[in-house]
Amino acid sequence: MTIDLSTISRELKKPVEQIESAVKLLDEGNTIPFITRFRKDQTGGFNEEQLLVIKQSVTRLRALAERKAFILKSIDSQEKLTDELRAAVESADSSRKLEDIYLPYKPRKQSLATVA
């Protein structure tokens, strides 16, 4: 699952390569204070606030990508997935937009009364 780091790059006004190296260090389990003190050369000198923004943004983007994959799989299993719907899901940039797209296709829970 790949995520687009260009939005974070534009937000922080830093090259994508520096963002990628910071994400790699965070994924390896390094803490933000460790990275700011001992890995400045690899990140281009990010401070703690910038690394925190990167960490939060990457977490949000990964959760959004996982949700997109789940929604596409769910709609596909219902055999209602069209090319336009796939494009709309993949282009959604917030969880609110994504859930709005998914709402008509979301399986409804059946109560005992509707089953009877």
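The structure this text deals with has already been given above.
So, here's what we can say about the structure. (Residues numbered from 1 in each chain as written. Predicted model: local features only at pLDDT ≥ 70, side-chain atom pairs only at ≥ 80, totals over all residues. Heavy atoms only, no water.)

1. Description of the layout of surface pockets
Reported here for the largest pocket is a volume of approximately 240 Å³. I3, D4, L61, L64 and K68 are the residues nearest the centre of the largest pocket, which is lined by 11 residues in total. Here the lining of the largest pocket gets five residues from one element, more than from any other, and that element is helix α5 (residues 48–77). A per-class count over the lining of the largest pocket returns five nonpolar, two polar and four charged. (1 Å grid on protein atoms, 1.4 Å probe; cavity = no way out; pocket = protein on both sides within 12 Å on 5 of 7 lines; lining within 4 Å. Points joined across faces, edges and corners; volume = space filled by probe spheres on them. Helix = DSSP H or I, 4+ residues; strand = E, 2+ residues; numbered from the N terminus. Nonpolar A, V, L, I, M, F, W, Y, C, P; charged D, E, K, R; others polar.)

2. Quick word on the pattern of salt bridges
The final tally for this structure, using the stated rule, is three salt bridges. D93 is paired through a salt bridge with K97; the nearest N and O atoms lie 3.1 Å apart. Residue class for K97 comes out partly exposed when judged on its relative accessible area of 45%. (Salt bridge = Lys/Arg side-chain N within 4 Å of Asp/Glu carboxyl O. Buried < 20%, exposed > 50% of the residue type's maximum accessible area, 1.4 Å probe, protein only.)

3. A short note on unusual backbone geometry
Negative phi characterises most residues that are not glycine, and trans characterises most peptide bonds. Backbone geometry at K13 places phi at a positive 60 degrees, although glycine is not the residue there. Assignment of secondary structure puts K13 in the loop between α1 (6–12) and α2 (16–27). Classification of K13 as exposed rests on a relative accessible area of 73%. Positive phi values are uncommon outside glycine, yet E79 reaches one of about 60 degrees. By the element assignment, E79 lies in the loop between α5 and α6 (83–91).

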